Each structure stands twice: as structure tokens, then as C-alpha cells.
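Fold and contact review
Residues per chain, in single letters:
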Amino acid sequence: MPEAQAELGDDVKKVAAFLFAAAPAIALLTATPASAVDGPWNPYTGTNSNWHCGATVTIRQGVQAQSCIVVSGTSYQGATIINLASATTVAGSTRTWEAGNETFPSKECNVETRPAGRSVCFNATRAGASGHAVQAKSFVADDIAWKEWTSPTVVL
């Protein structure tokens, strides 16, 4: 059984590597008006008390990230923060949920080389309903490793 698990792990790594390498071509081939929210990573300027971020996760050595939900009144926005030890080519996405339902479209940040330090990938700002729970789900990948995880849940 451990051999089968190792083979499955190798297959997942191969698929992730293929998707990472093919992402720019796939994006061009499947572009629709809904993908208009795709864009670049943004410079990181810091957080304040309306940012609710989960623990820092390690994607691999030298690549760490956090998933955050930014709330102001009943408006909210997902954010994925990356922290790179050196310049690295990364891809990412930030999706949001309100009251258990995914809000569309999600935000895909381009596959691009980011400098050492922090960058952020934002989802669109959305108007929510008072009393609804909101959460962000983040995905970060480079050509070696990838992870997907969620932010804390916040009630509007």
C-alpha cells in the first residue's frame, strides 16, 4: 500500500507541474468575459484590524503564504499573501464563500515571477448580507509544490 501511495503522490506532482507549466496557454485558450478579473499579483502594503488571516503555511522552503478575508461592514474581499525568500515564479488564486456558497468569479493571479518579499492576490470586493459567514480559499503553486487552504471564517 505505501508503494501505491507513493505512486499516487508522484502522479499528483506530475499533474500539478503540467498544469503550472500549461497555465498561460490554458488561460489564453479558455479566456471568457468572466475571466476578466484575472490579473497580476499586487505589491503588499500591510494589513490592519479588518484583515482576518489564518496561520502562515509553507508551500515549500522559501515560499510561505497566508489566506485572509478582509471585512469592512458587510463588504468583504479575499486575499492571498505570499512571502518569498528569493525571486520565484508563482501562480495563485483567491476564491470567496458567503453563507456556504462560492461567490463568482474567482480571482486568478497570473503565473509570474515575483521578487523576494511579500505580494498579494485579491479577489473582488463584494457586498454581503449582515449575519452571513464569509471565508476565503487560497491556492498557491510554483513549479515544485502547491497548496490550497482557507482563511478564518468571519460573520458580517
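Worth saying up front: this structure is predicted, and the values here are computed from it rather than measured. (Residues numbered from 1 in each chain as written. Predicted model: local features only at pLDDT ≥ 70, side-chain atom pairs only at ≥ 80, totals over all residues. Heavy atoms only, no water.)

Here the focus is the overall build of the protein. Looking only at helices and strands, the protein has 1 helix and 12 strands in total. Reading the protein from its N terminus to its C terminus gives the helix and strand order α-β-β-β-β-β-β-β-β-β-β-β-β. For the protein, buried positions account for 36% of its 156 residues. Element-wise, carbon and sulfur atoms account for 57% of the exposed surface of the protein, whose accessible area totals about 8400 Å². (Helix = DSSP H or I, 4+ residues; strand = E, 2+ residues; numbered from the N terminus. Buried < 20%, exposed > 50% of the residue type's maximum accessible area, 1.4 Å probe, protein only. Areas by Shrake-Rupley, 256 points an atom, 1.4 Å probe, with all protein chains shown as cover.)

Membership of the largest hydrophobic core comes to 13 residues, with the highest contact counts inside it found for Trp-41, Ile-59, Ala-65, Ile-82, Val-140 and Trp-149. Those elements that place two or more of their residues in this core are β3 (57–60), β4 (63–72) and β5 (75–84). The residues touching Val-140, leaving out its near neighbours within four places in the chain, are Trp-41, Ile-59, Ala-65, Thr-80, Ile-82, Ala-91, Gly-92, Ala-145, Trp-146, Lys-147 and Trp-149. Listed in part, the 7 residues of the second largest apolar core include Ile-69, Val-134, Ala-136 and Val-154. (Core = buried A, V, L, I, M, F, W, Y, C linked by side-chain atoms within 4.5 Å. Contact = heavy atoms within 4.5 Å.)

Before going further, it helps to spend a moment on the confidence of the model for the protein. Mean pLDDT over the protein stands at 82; residues scoring 70 or higher make up 76%. Note on residues 1–36: pLDDT under 50 across the span, and 13 contacts to partners over four residues away in sequence or across chains. (pLDDT = per-residue confidence, 0-100.)

What follows concerns the pattern of salt bridges. For the coordinates displayed, the defined rule picks out 4 salt bridges. Note that Glu-102 and Arg-95 form a salt bridge whose closest N and O atoms lie 2.9 Å from each other. The exposure class assigned to Glu-102 is partly exposed, which follows from its relative accessible area of 23%. Salt-bridge contacts for Arg-95 lead to Glu-148; the nearest nitrogen and oxygen are separated by 3.1 Å. Of this pair, Arg-95 sits in strand β6 (residues 88–98) while Glu-148 sits in strand β11 (residues 146–150); the two residues are 53 residues apart in sequence, bridging distant segments of the chain. Judged by its relative accessible area of 39%, Glu-148 falls in the partly exposed class. (Salt bridge = Lys/Arg side-chain N within 4 Å of Asp/Glu carboxyl O.)

Strand direction decides the pairing type here: β6 and strand β10 (residues 133–141), joined by 8 bridges, are antiparallel. Bridging from a neighbouring strand, Arg-95 pairs with Lys-137 of β10. Direction of pairing for β10 relative to strand β12 (residues 154–155): antiparallel, over a ladder of 2 bridges. Looking across to β12, one finds that Val-134 is bridged to Val-154. One ladder, built from 5 bridges, connects β10 with β11; its direction is antiparallel. Opposite Phe-139, over in β11, you have Glu-148 as the bridge partner. Between β10 and β11, which pair antiparallel and follow one another directly, the connecting turn spans 4 residues. (Pairing = 2+ DSSP bridges.)

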